Amino acid sequence: MGKGGLVSAKKKIAMLAALSVAVITVIVSAFFMPRTTEKNFFAMNTVCNVKITGKDSKTVAQELEKTVVGLDENVLSRQNENSITARLNLNGGGEIDEKLNEYFSVLLDVCQKSGGSFDFTLGKVSDLWGFGGEAAVPNPYALYNELGHTGYENIALSANSVTFEDEFAVDFGAAGKGIALDSIRENLGKSETKEAVVSVGGSILLYGDKDFSVGIRNPEGNAGSYVAILNIPEGCVSTSGSYERFFEQDGKQYHHIIDPETGYPAKSGVVSVTVVSQSGILSDALSTACFVLGTEKGMVLAKEYGCETVFIDENKTVYVSDGLRDRIEITDKAYTFSE
């Protein structure tokens, strides 16, 4: 082989080597690139959606499903007789662990500061309305009787136990989805997740170092129509609306958000409340409390907890707390900001 042929051969070998390195680099880069996984599942009587970007996102998504389903079935469910909450209701209380003690502590505080507008002892009152099945206006005498077996003031909480009346039915339904978000975020913090958006019904977890766009549903539209768009950093967003679950009877509409004082659906002039918080349990519980309280008192309560809010009233007026004024855009011209 001549000198020119030898040089040419060396060039080919060098090019092949460079090409091999490039291919290997692409393969390695693709292997280590953050991957996005999206997963839907059913838990807490609602559809849950998980969208995760990061290493092992598929495995993380599967683990999150197990976390939410396990939390629902083993801890928070009133219907599953083997859950901790069901056993507490059956026995009028009992021993609890540190995590459950935290749930009780936070919710009792919201009950107290909201003046009872939030009360998680309304389990049997809610059952009478039948929103989970065949909904109907309950017998007023039966309703009055069950209201006599409610009241957060009757819950006695200690470091490792809780006690209440045998007739009580503690119900985490108005805060359970937020509790799930807090558990999810704890799990994500132990993984190599870059960012995530997780919805559990009307509660959403935003996770990652960026701003996220969150739509506030149009109370008179379908699930894909929005009144406004929020652009906010990571945190938890919960919305309570009269449009979520309701029925009509004798020409009147009844929604599922119960006023603890009357036992009937709340009449505060509000149709939707969105709460933004770093705490899932607070965002969920406060969205219910603020709905019952109404705009003025609800905003005061949320501010006490350092949370931001968006209220929509029956007149299609949008009320926004100070911290969200520069982060919201109304997208439906039928709605206007309050003056």
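Not measured: the values here are computed from a predicted model.

1. Some thoughts on the sheet that holds strand β5 (residues 161-163)
- Taking strand neighbours across the sheet as the criterion, the three strands line up as β3-β5-β4 in an open arrangement whose pairing is antiparallel. In this open sheet, the two strands that pair with only one neighbour each are β3 (93-95) and β4 (156-157).
- Where β3 lies against β5, three bridges are found, and the strand directions are antiparallel. Across the sheet, the residue bridging to Glu 95 is Ser 161, located in β5.
- Seen against the sheet, helix α3 (residues 84-91) touches β3 and β5 and runs at an angle of roughly 125° to β3.

2. Quick notes on the pattern of salt bridges
- For the coordinates displayed, the defined rule picks out 14 salt bridges.
- We note a salt bridge from Arg 78 to Asp 171, for which the minimum N-O separation is 3.6 Å. With a gap of 93 residues between them, Arg 78 in the loop between α2 (57-76) and α3 and Asp 171 in the loop between β5 and α7 (176-189) connect regions that are remote in the sequence.
- Assessed through its relative accessible area of 18%, Arg 78 is described here as buried.
- Residue Glu 102 pairs with Lys 99 through a salt bridge whose shortest N-O separation is 3.8 Å.

3. Regarding the sheet that holds strand β16 (residues 328-330)
- The strand order across the open sheet formed by three strands is β8-β9-β16, and the pairing between neighbours is antiparallel. Each having just a single partner strand, β8 (212-217) and β16 make up the two edges of the open sheet. Looking at each pair of strands side by side, their axes are set apart by 20° on average, direction ignored.

4. Quick word on the nonpolar core
- Grouped together as the largest cluster of nonpolar side chains are 61 residues, with contacts concentrated most on Phe 104, Phe 120, Phe 172, Ile 184 and Leu 188.
- Looking at which element gives the most residues to this core, the answer is helix α8 (residues 280-293), with eight residues.
- Here Leu 188 is in contact with Ile 52, Val 60, Leu 64, Thr 193, Ala 196, Leu 205 and Tyr 207, once residues within four sequence places are set aside.
- Core analysis: the second largest hydrophobic core is formed by 19 residues, Leu 206, Val 237, Val 318 and Ile 328 among them.

5. Quick notes on the pairing of strand β10 (residues 235-241)
- Where burial is concerned, most of β10 is hidden: seven out of the seven residues are buried.
- Residue alternation in β10 divides its side chains into two sets, Gly 235, Val 237, Thr 239 and Gly 241 and Cys 236, Ser 238 and Ser 240, and both sets are buried.
- Strand direction decides the pairing type here: strand β7 (residues 203-207) and β10, joined by four bridges, are antiparallel. The residue bridging Leu 206 from the neighbouring strand is Gly 235, located in β10.
- With six bridges connecting them, β10 and strand β13 (residues 270-277) associate as antiparallel partners. Residue pairing in the sheet places Ser 240 in a bridge with Val 273 of β13.

What counts and what doesn't
- Residues numbered from 1 in each chain as written.
- Predicted model: local features only at pLDDT ≥ 70, side-chain atom pairs only at ≥ 80, totals over all residues.
- Heavy atoms only, no water.
- Pairing = 2+ DSSP bridges.
- Helix = DSSP H or I, 4+ residues; strand = E, 2+ residues; numbered from the N terminus.
- Contact = heavy atoms within 4.5 Å.
- Axes fitted to C-alpha atoms, helices over the stretch in contact; angles between N-to-C directions.
- Salt bridge = Lys/Arg side-chain N within 4 Å of Asp/Glu carboxyl O.
- Buried < 20%, exposed > 50% of the residue type's maximum accessible area, 1.4 Å probe, protein only.
- Core = buried A, V, L, I, M, F, W, Y, C linked by side-chain atoms within 4.5 Å.

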